[in-house]
Amino acid sequence: DSGVTQTPKHLITATGQRVTLRCSPRSGDLSVYWYQQSLDQGLQFLIQYYNGEERAKGNILERFSAQQFPDLHSELNLSSLELGDSALYFCASSGVEGYNEQFFGPGTRLTVL
Amino acid sequence: SQKIEQNSEALNIQEGKTATLTCNYTNYSPAYLQWYRQDPGRGPVFLLLIRENEKEKRKERLKVTFDTTLKQSLFHITASQPADSATYLCALGNYGQNFVFGPGTRLSVLP
């Protein structure tokens, strides 16, 4: 158990809908990262927050947005969902920015029908 | 653009042998490199980190080398066991920047 929690574990929705994925980092970790993993794409970095502030953006679509709240939990919002958004979404946390290891949550499996 | 390659998509070896996985990169000068293990449907788990000024790191049956001239890292699992079967990901990073993960190598250790 990494100490990172993600909810929900599974999510099935229809095209055009909007969903919110939630992540609680390990106790004391200030950095939260979001990744998307699909079968043909590998693990793709989406966005990073550090202590409430956006730190870096990766290949995140404009339809997607995220935020980190004062209690350090984070939410990833996915809107106008398309079939291609079906994937595993992982959240990871680390204590500091930079080279430290990242602790990954169990993931949320999103299926868009 | 940055590119990371991991030797083969899948690697099969016999139990007890040494598994060697390769991570090659181009258009990048990482300050450090990490290896993660990922089991199906689960999040990656950190294994080892090696910095650019380090040649080799060991942890129990695991060994990582990092050659910045060749732009390559080798990941070895000695005395491999069926429980070592998983996908192994390398990740490159620089201070103040985010990780870039490789596509992974699926290792199967056959009994």
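Preceding this paragraph is the structure being described.
So, here's what we can say about the structure. (Residues numbered from 1 in each chain as written. Chains lettered and ligands numbered in written order. Predicted model: local features only at pLDDT ≥ 70, side-chain atom pairs only at ≥ 80, totals over all residues. Heavy atoms only, no water.)

### Looking at the sheet that holds strand 1 (residues 3–6) of chain B
All names here are of chain B.
Step number 1: Across the sheet, five strands lie side by side as 1-3-8-7-6; this open sheet has antiparallel pairing. Bordering the open sheet on either side are strand 1 and strand 6 (56–59), each of which pairs with just one other strand. Strand-to-strand twist in this sheet, taken as the mean axis angle between neighbours without regard to direction, amounts to 15 degrees. (Pairing = 2+ DSSP bridges. Helix = DSSP H or I, 4+ residues; strand = E, 2+ residues; numbered from the N terminus. Axes fitted to C-alpha atoms, helices over the stretch in contact; angles between N-to-C directions.)

### Thoughts on the sheet that holds strand 1 (residues 5–7) of chain A
Strands in a sheet are paired, the pairing made by backbone hydrogen bonds, and the direction either parallel or antiparallel.
Residues and elements named next belong to chain A.
Step number 1: In spatial order, the strands read 1-3-8-7; together these four strands make up an open sheet with antiparallel pairing. Pairing within the sheet leaves two strands with one partner each, and these edge strands are strand 1 and strand 7 (64–68). The sheet shows a mean angle of 15 degrees between the axes of neighbouring strands, direction not considered.
Step number 2: Both strand 7 and strand 8 (residues 74–78) contribute to a ladder of five bridges, which runs antiparallel. Its bridge partner being in strand 8, A66 is matched across the sheet by L76.

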